[in-house]
Amino acid sequence: MKKKWSILMASCSLLPLLSTAQDAQVFQKPSKEILELADFTRAPGVSADAKAENMLFIYRNTYKTLEDLNQDELRLGGLRVNPNTNIASATNYINKLTLRKINSNAETPIQGMPDNAKISGISWSPNEQKIAFLNTNNNSVDLWVIDVATAVAKKISKQALNANTGQAYSWFPNSTSLLVKTIPNNRAALIDSKKSLPTGPTVSNSEKTKSQNRTYQDLLKNPTDELNFEVLMNAELHTIDIDGNDKLFRAKDLFVEERISPNGKYILLTTLEKPFSYIVPYNRFPLRTSVYSIEGTLIKEINYSPLNEVIAKGFMAVKKGKRNINWRNDKEASLYYVEALDEGNPENKVAFRDEVLEWDAPFNTPAKTILKTEQRFGDITWGNDTLAVASDNWYDTRNEKTYLFNPSNSNAKPRLIFDRNYQDIYSDPGIFSTEKNKFGRQVLKIQNNTAYLIGEGFTEKGQFPFIDKYDLKARKAQRIYQSTFTTKQENIIDITDYTQLKALVLIQSKNEYPNYFSRSLNKKGTLTQITSFKNPFESIKDVSKELIKYKRKDGVDLSGTLYLPAGYDKTKKQKLPLLIWAYPQEFKDKNTAGQSSANPNEFTFPYYGSFVYWVTKGYAVLDDAAFPIIGEGDKEPNDNFLAQLIDNAEAAISAVDNLGYIDKTKVAVGGHSYGAFMTANLLTHSKLFACGIARSGAYNRTLTPFGFQSEQRNYWEIPSIYNSMSPFMNAEKMKTPLLLVHGDADNNPGTFTLQTERYFQALKGLGAPVRMVLLPKEAHGYVAKENILHLLWEQEQFLDKHLKTTN
């Protein structure tokens, strides 16, 4: 479990209004009640060292602005980057950092910070005495380091960094130097694709091999894109110490990943090679992985992975050859990697799907097998020479197995400790706690042959997080702590002291903002408050909030969080309009589909991703309503998608109606992404709703022919299912008012902005009551304040018109 911890508070974003013609619209703001909730000041995020002694407070703006989004951008190889700064164009920047001792209430300003800071990529040094971060200027990304003891920051890089693939630097284990990816001094100029004339057509070939790739965005399209992509990816590697001394480590190349060995003597480098592809993103281009000494000498080429355009069908399909290449956290310099024993094809029947091999530096002897897995390899938590924890899983059955195994003895059979449906949250045993070792890497915490499990604690009666001691020999768990809160929510972040048994926890209630506490795990369970963040949403502190449970007509248990306006009289039961927000999820059995992870004591944090704002406007809101889609046995969930969708909706409406709170003729449904797809289908195939709001969805499944969401089958295998599930194909049936919203720069696979544009054109051509709002410069999630406030205004106008206006 990671020792760093943080609160990342949800942001908000929004849209426009109503008419049959194209409107010239200016940005609007919602009513006072909603605006007071939406226009709030975000509390800082928090990151702490492993000993929970020092905290870093991380401040950023509640929203971005349209000006933030209005930057130069290149979309190449699956990346979106700013070519002037060489960092992802969607980076969420931090504008302020402060330090604080955990046992103090005073934040310490950090001296020497950059003016107008745009901070990202924060990382504590292995010894946690320094904190590195990136700062973005108008034309560069620079590397800065904070000294924790003195609270002083300084810039240490001389050349601009290349952060186009995300990772721009790594700490060496000595905590005094870093490996940094920089822009070459002689980097070629980018080509203006709008001005350059092509020298010929763009040609692609198929060689009679099946390649069922999902629908990717932002791919390379022509030779000019290839040249520009190569320019952006080119980088040098330098070693820089905390005093700013700079030394070239590797000359210019297409570096995509750099991993330093735990002892700091070797560096695992992965570079891109040609040919590039026009149908898959850059991480499936040819890759060469090699190990170099710290002096820059090539030690061993570890792997060459060719262009990976062809892959078998299904979520369990993987590439042939080595994958997941990385250093063991518990050894000085030992690589491990995974290879498929079924050629990466889940349709091949084999005794073992994957094997894990270990290869010790300097790689003079062959790699040795240390583990074989019956299902697809999941991950490993390293412990020591004789103990590690591994997991494998299989999507079709939703099964996950967890094993204890001896990495030094492949003849010793792995010991199975958990065998479960990973969607069965009520049986989740938790995850093993880890601690930093002498290399500064996370390894399994082992104390007297005992490990520790931290669980979320979902049960039929509610959520009660726990900590178990786990006897590694007997393979038995003993509970040493379980939360007993019934009016608050407690989340266990980590164990901070294994001797005195103390844990870091996050506690909140529906009206109390999440704050950190130190909890003693003894019988007294003493709590010591660490942070004191205030509730910025006081105006909704008196709203009614409860988790309601109900059943679908086939007996499946369902639930949702019901909000009623402050002061609502549950005895007089005034009939309210109801708003339902939901997102369908696929399951393989009714038992797991009926489980609930909702906690009514979770802090009520209104944001654009739900309808909670509208509880201030006299609406009842059923948030996060369960919409399971189940396919038991040989059946797939989508074989009966529409009927289950409607059954879920009927059950939700009836549950609230049976309480006597709503007018069943004034119900709206909404959702984002796959929830938008759900909304369009409900309005098309049922008469349950007065209107609906669908945001950033996909409505024509023939445009995602090789699978979507959790569907593995392609269009040509099940054309009737693809067609029946596609609202676009059934547009003539849609007669209910619909607000369509989409970001005009959506980069999510499958949800091209074109999906909404074409669906709107079909509905408008057929005379359906529909309004389309395209939010400028927004991707799949919305981030600009102007857009988010306008979205809220747009939704408010739409809902009031169709649910409050008397016809």
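Refer to the structure presented above.
Residues numbered from 1 in each chain as written. Predicted model: local features only at pLDDT ≥ 70, side-chain atom pairs only at ≥ 80, totals over all residues. Heavy atoms only, no water.

A. Representation of the pattern of salt bridges within the structure. As enumerated under the stated definition, the model contains 38 salt bridges in all. As a salt-bridge pair, K785 and D39 come within 3.0 Å of each other at their nearest N and O atoms. Of this pair, K785 sits in helix 9 (residues 785-803) while D39 is found in the loop between helix 1 (32-38) and strand 1 (45-48), placing the two residues 746 residues apart along the sequence. Residue class for K785 comes out partly exposed when judged on its relative accessible area of 30%. Taking the shortest distance from any N to any O, the salt bridge between R80 and D218 comes out at 2.7 Å. You can see R80 sitting in strand 4 (residues 79-82) and its partner D218 sitting in the loop between strand 13 (177-182) and helix 3 (223-233), a full 138 residues away along the chain. The class of D218 is buried, set by a relative accessible area of 10%. (Salt bridge = Lys/Arg side-chain N within 4 Å of Asp/Glu carboxyl O. Helix = DSSP H or I, 4+ residues; strand = E, 2+ residues; numbered from the N terminus. Buried < 20%, exposed > 50% of the residue type's maximum accessible area, 1.4 Å probe, protein only.)

B. Region of interest: the side chain of K588. Mapped onto the elements of the fold, K588 is located in the loop between strand 43 (585-587) and helix 4 (590-593). Here the side chain of K588 touches G633 through a polar contact of 3.0 Å, landing on its backbone oxygen. Polar contacts involving the side chain of K588 include one to the main-chain carbonyl oxygen of K635, which spans 2.8 Å. Once residues within four sequence positions are removed from consideration, K588 is found in contact with D396, R398, Q423, I630, G631, E632, G633, K635 and E636. (Polar contact = N/O pair within 3.5 Å; in protein donor to acceptor, adjacent residues only side chain to side chain. Contact = heavy atoms within 4.5 Å.)

C. Broad picture of the pairing of strand 44 (residues 620-625). The buried fraction of strand 44 is high, at five of six residues. Across three bridges, strand 41 (residues 557-564) lies against strand 44 in antiparallel orientation. Across the sheet, the residue bridging to Y563 is V621, located in strand 44. Strand direction decides the pairing type here: strand 42 (residues 576-582) and strand 44, joined by four bridges, are parallel. Paired with A582 across the two strands is A625, which belongs to strand 44. (Pairing = 2+ DSSP bridges.)

D. How the structure looks around the sheet that holds strand 26 (residues 399-405). Pairing is antiparallel in the open sheet, where four strands are placed in the order 24-25-26-27. Looking at strand neighbours, the two that pair on one side only are strand 24 (376-384) and strand 27 (415-421), the edges of this open sheet. Across the sheet, the axes of successive neighbouring strands diverge by a mean angle of 15 degrees, strand direction being ignored. In terms of strand pairing, strand 24 meets strand 25 (residues 387-394) through seven bridges, oriented antiparallel. Within strand 25, the residue paired with T381 across the bridge is V389. (Axes fitted to C-alpha atoms, helices over the stretch in contact; angles between N-to-C directions.)

E. Highlighting the nonpolar core. Ranked by size, the top nonpolar core spans 60 residues in total, and within it I580 and L622 carry the most contacts. Examining the composition of this core, we find that 10 residues originate from one element, helix 5 (residues 641-658), more than from any other. If we ignore the near neighbours within four places in the chain, the residues touching L622 are I548, Y550, G560, T561, L562, L578, L579, I580, W581, A652 and V656. In terms of nonpolar packing, the next biggest core, distinct from the first, is built from 52 residues, F537, V543, L579 and Y608 among them. (Core = buried A, V, L, I, M, F, W, Y, C linked by side-chain atoms within 4.5 Å.)

F. Examining the sheet that holds strand 8 (residues 119-124) more closely. Taking strand neighbours across the sheet as the criterion, the four strands line up as 8-9-10-11 in an open arrangement whose pairing is antiparallel. Unpaired on one side and paired on the other, strand 8 and strand 11 (152-155) mark the two borders of the sheet. Taken over all neighbouring pairs, the strand axes of this sheet differ in orientation by 25 degrees on average, direction set aside. Two elements, strand 10 (residues 141-147) and strand 11, share four bridges in a ladder whose sense is antiparallel. Note on strand 11: the bridge partner recorded for W144 is K155.

G. A look at unusual backbone geometry. Residue P275 is bonded to the preceding K274 through a cis peptide linkage, with omega at 10 degrees. Secondary-structure assignment places P275 in the loop between strand 17 (266-272) and strand 18 (287-293). In this chain, A361 is followed by P362 through a cis amide linkage whose omega measures 10 degrees. Mapping P362 onto the fold places it in the loop between strand 22 (354-360) and strand 23 (368-373). For N324, which is not glycine, the phi dihedral falls at a positive 55 degrees. Tracing the backbone shows N324 in strand 20 (residues 322-327). Residue N324 is classed as partly exposed on the basis of its relative accessible area, which comes to 41%.

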